[in-house]
Every structure is written in C-alpha cells, then in structure tokens.
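Summary of structural features
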Amino acid sequence: WKLGSLLVTNSQAYVGVLTDSALARDVVAKGLDPRHTTVKLCMRAPVVAIEGDRPIIDAVRMMKEQATRHLAVTQDGQIIGMISVSNILRYYSGVV
C-alpha cells in the first residue's frame, strides 16, 4: 500500500490534507523548489470528513460533490483515519 495523502495539523487540530496529486500539480508541474515551498501552499483546507459508520456510497458521493479523492474518517467527531478512491477501488476489486 502506498500513502497518497497526509493530514496537516497546526499542533491543535487538523487543518488540511496534503495529497500526492497536489504536490505534483502545485509544486512539480510549476517548477517550484520543494525545499522552499510550504505545505500550506499545497494543502486542501478545510479537511473534508465522513463518519465511519456511513455507507461507502455516501463516501463516493461526497468525494464527487467535494471534488476530492481523499476523505478523513471520523468517529464521534474525532478523525480516526483516511479513505481514498484507491481504497474503495481495491476493496471492490477484491485486492484488499
């Protein structure tokens, strides 16, 4: 499994999500120097989240509506993980 996103924190709360596609689009494709480009420039904010007890189809709909490939998963209002389009595809293709 490869990691495609990271939650970004300000030491008190999650404030955004940094994805591999955002790095490619916002840093590499623009020729920016990653040593001097901040995470804040590339992250998506705010964090888009879904409760962990919701059906997968709700996650797919939310991803479509929010134009994102990654969602934070929450339980009782606390982030407990992330789900991505790739996770869903692997699950339904039997490659888990």
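What comes next is a walk through the structure.

Criteria and thresholds
- All residue numbers here refer to positions counted from 1 along the written sequence of the relevant chain.
- Note on the predicted model: pLDDT of at least 70 is required for a residue's local features to be given, and 80 or more for side-chain atom pairs to be given and counted; whole-chain, interface and lining totals, by contrast, use all residues.
- Think of the side-chain values as coming from all heavy atoms in the structure, minus any hydrogens and water.
- Numbering of helices and strands starts at the N terminus; helices are DSSP runs of H or I of at least 4 residues and strands are runs of E of at least 2.
- Each residue's exposure class comes from its accessible area (1.4 Å probe, protein chains only) as a fraction of the maximum for that residue type: buried when under 20%, exposed when over 50%, partly exposed otherwise.
- The contact rule is simple, with two residues in contact once any of their heavy atoms fall within 4.5 Å.
- Here, axes are lines fitted to C-alpha atoms. For helices the fit covers the stretch in contact, and angles between N-to-C directions go from 0 to 180 degrees.
- Crossings are sorted by hand: turned counterclockwise from the far helix by less than a right angle, the near helix makes the crossing left-handed, and turned clockwise it makes it right-handed.
- When residues are grouped by polarity, Ala, Val, Leu, Ile, Met, Phe, Trp, Tyr, Cys and Pro land in nonpolar, Asp, Glu, Lys and Arg in charged, and all others, Gly among them, in polar.
- Paired rings are identified among Phe, Tyr and Trp, the last through its six-membered ring, by centres lying within 6.5 Å, and are further divided according to the angle between planes into stacked (under 30 degrees), edge-to-face (over 60) and tilted (the rest).
- If DSSP finds at least two bridges between two strands, the strands pair.

Next up on the list: the environment of S5. Mapping S5 onto the fold places it in strand 1 (residues 5-9). Residue classification places S5 among the buried residues on the basis of a relative accessible area of 10%. Placed 88 residues apart in sequence, S5 and S93 show a C-alpha to C-alpha distance of 21 Å. Setting aside chain neighbours within four positions, we find S5 in contact with V17, L18, T19, H70 and M82.

Another point: the packing of helix 3 (residues 56-66) against helix 4 (residues 85-93). Running from N to C, helix 3 and helix 4 point in directions that differ by 145°, and their axes come no closer than 11 Å. In the crossing of helix 3 with helix 4, the sense of the turn from one axis to the other is left-handed. Every residue of helix 4 that contacts helix 3 at I56, V60 and M63 is listed here: V85, I88 and Y92. Partitioning the contact of helix 3 with helix 4 into residue classes produces six nonpolar, no polar and no charged.

Counted under the stated rule, the structure contains one aromatic pair. Ring plane angle 90° and centroid distance 5.0 Å describe the contact between Y91 and Y92, whose orientation is recorded as edge-to-face. Take Y91: its relative accessible area is 52%, and that puts it in the exposed class.

We now examine the sheet that holds strand 4 (residues 70-75). The strand order across the open sheet built from three strands is 3-4-5, with neighbouring strands paired in mixed fashion. Both edges of this open sheet fall to strand 3 (49-51) and strand 5 (78-84), since each of them pairs with a single strand only. On average, adjacent strands in this sheet sit at an angle of 35° to one another, irrespective of strand direction. Where strand 4 meets strand 5, six bridges bridge the pair, whose relative direction is antiparallel. Its bridge partner lying in strand 5, Q75 is registered against Q78. Packing of helix 3 onto the sheet brings it into contact with strand 3, strand 4 and strand 5, and relative to strand 3 it is tilted by some 165°.

Shape is all these values report; function is a separate question.
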